[in-house]
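Analysis of the macromolecular model
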Amino acid sequence: MFRNAKEEDADQILPILFQIFDEMELDVFKEVGNEKMAQVIKEGFFQPGYRYGLDNILVNEIDGNVVAIMVGYPESKEDNIDEPLIKIMHKYGIKEKNLFGDKEAWPGEWYLDSFAVAPAYQGKGIGTKTMEHFIDVMRDRGEKILSLNVDVTNEPAKHVYDKTGFKKVGQLYIGSHLYDHMQYDLTK
């Protein structure tokens, strides 16, 4: 079942999301440690308007288990999307001014910030099915252009995006990693 995230999903969402953080090799996670950052991110789930707030997370649930997550928002919100987290980080003594300093979305896009499948469900077609359903939901909401960034070395993810109709339109760096910027035109 594809649905909006709920408070009781937080403990299942966190490790799925951390797969992405581990791949990104963010400095703050290395400096502070995953345990403290997990506390920070989990507290952020309950902050309205935050990048990883539950209001920006969709889940695919099978038999009571969250098997995939999708986090996203309109590009127009990107400049302020992490303000709630910065306050939480400072509360925990983390002095970073932001978690992500790089612009990730282009004007007019609805940006899929994060998409991940729980390890036990990978390689079973769940990623593709989840993405196909997500595209339908976004089309029904009236969005025009979906976008995402995928690490150029992440072949399994690129396979899902290619298979579901995303097209590479550019490249950018997020942190020290090179990403393909991909779009899906929902008007076609």
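Placed above this text is the structure.
Now for a look at the structure at hand. Computed from a predicted model, the values in this text were never measured in an experiment. (Residues numbered from 1 in each chain as written. Predicted model: local features only at pLDDT ≥ 70, side-chain atom pairs only at ≥ 80, totals over all residues. Heavy atoms only, no water.)

Where strand β6 (residues 167–174) and strand β7 (residues 177–185) come together, seven bridges link them in antiparallel fashion. Bridge pairing in β7 places K167 opposite Q183. Linking two consecutive strands that pair antiparallel, namely β6 and β7, is a turn of two residues; a positive phi of about 65° is found at G175 within it. (Pairing = 2+ DSSP bridges. Helix = DSSP H or I, 4+ residues; strand = E, 2+ residues; numbered from the N terminus.)

Summed over all chains, the structure comprises 15 salt bridges. Salt-bridge contacts for E8 lead to K6; the nearest nitrogen and oxygen are separated by 3.8 Å. The exposure class of E8 is exposed, given its relative accessible area of 56%. K103 is the partner of E78 in a salt bridge, and the nearest nitrogen-oxygen pair spans 3.0 Å. Placement of E78 in the loop between β3 (65–74) and α4 (83–91) and of K103 in the loop between α4 and β4 (110–117) is noted, with a sequence separation of 25 residues between them. Shared partners join several salt bridges into a network, and the residues in it are R51, D82, E104 and D113. (Salt bridge = Lys/Arg side-chain N within 4 Å of Asp/Glu carboxyl O. Buried < 20%, exposed > 50% of the residue type's maximum accessible area, 1.4 Å probe, protein only.)

Here we take up the environment of G127. With respect to the element layout, G127 can be found in helix α5 (residues 126–140). Along the sequence, G127 and A116 sit eleven residues apart, while their C-alpha atoms lie 7.6 Å from each other. The residues touching G127, leaving out its near neighbours within four places in the chain, are F115, V117 and V160. (Contact = heavy atoms within 4.5 Å.)

Considering all chains together, one arrives at ten aromatic pairs under this definition. Ring centres 5.6 Å apart and planes at 55° place the aromatic pair W110 and F134 in the tilted group. Of this pair, W110 sits in strand β4 while F134 sits in helix α5; the two residues are 24 residues apart in sequence, bridging distant segments of the chain. Ring plane angle 65° and centroid distance 6.0 Å describe the contact between Y161 and F166, whose orientation is recorded as edge-to-face. We note that Y161, like F166, is buried. An aromatic cluster of at least three residues, connected via ring pairs, comprises F18, F21, F29, Y50 and Y52. (Phe/Tyr/Trp six-rings, centres within 6.5 Å; stacked < 30°, edge-to-face > 60°.)

Time to look at the nonpolar core. Within soluble globular proteins, side chains that are nonpolar generally end up buried alongside one another. Grouped together as the largest cluster of nonpolar side chains are 38 residues, with contacts concentrated most on F21, M37, I41, F45, I57, I69 and L99. Residue assignment for this core shows that the elements contributing at least two residues are α1 (10–24), α2 (27–32), α3 (34–44), β2 (57–62), β3, α4 and β6. Residue contributions to this core peak at nine residues, all from α1. Every residue in contact with I57, bar those within four places of it in the chain, is listed here: N4, A5, I13, F45, Y52, I69, M70 and V71. Among the nonpolar cores identified, the runner-up in size contains 25 residues, and L58, L112, V150 and Y184 belong to it. (Core = buried A, V, L, I, M, F, W, Y, C linked by side-chain atoms within 4.5 Å.)

The quantities given are spatial measurements derived from coordinates; they are silent on function.
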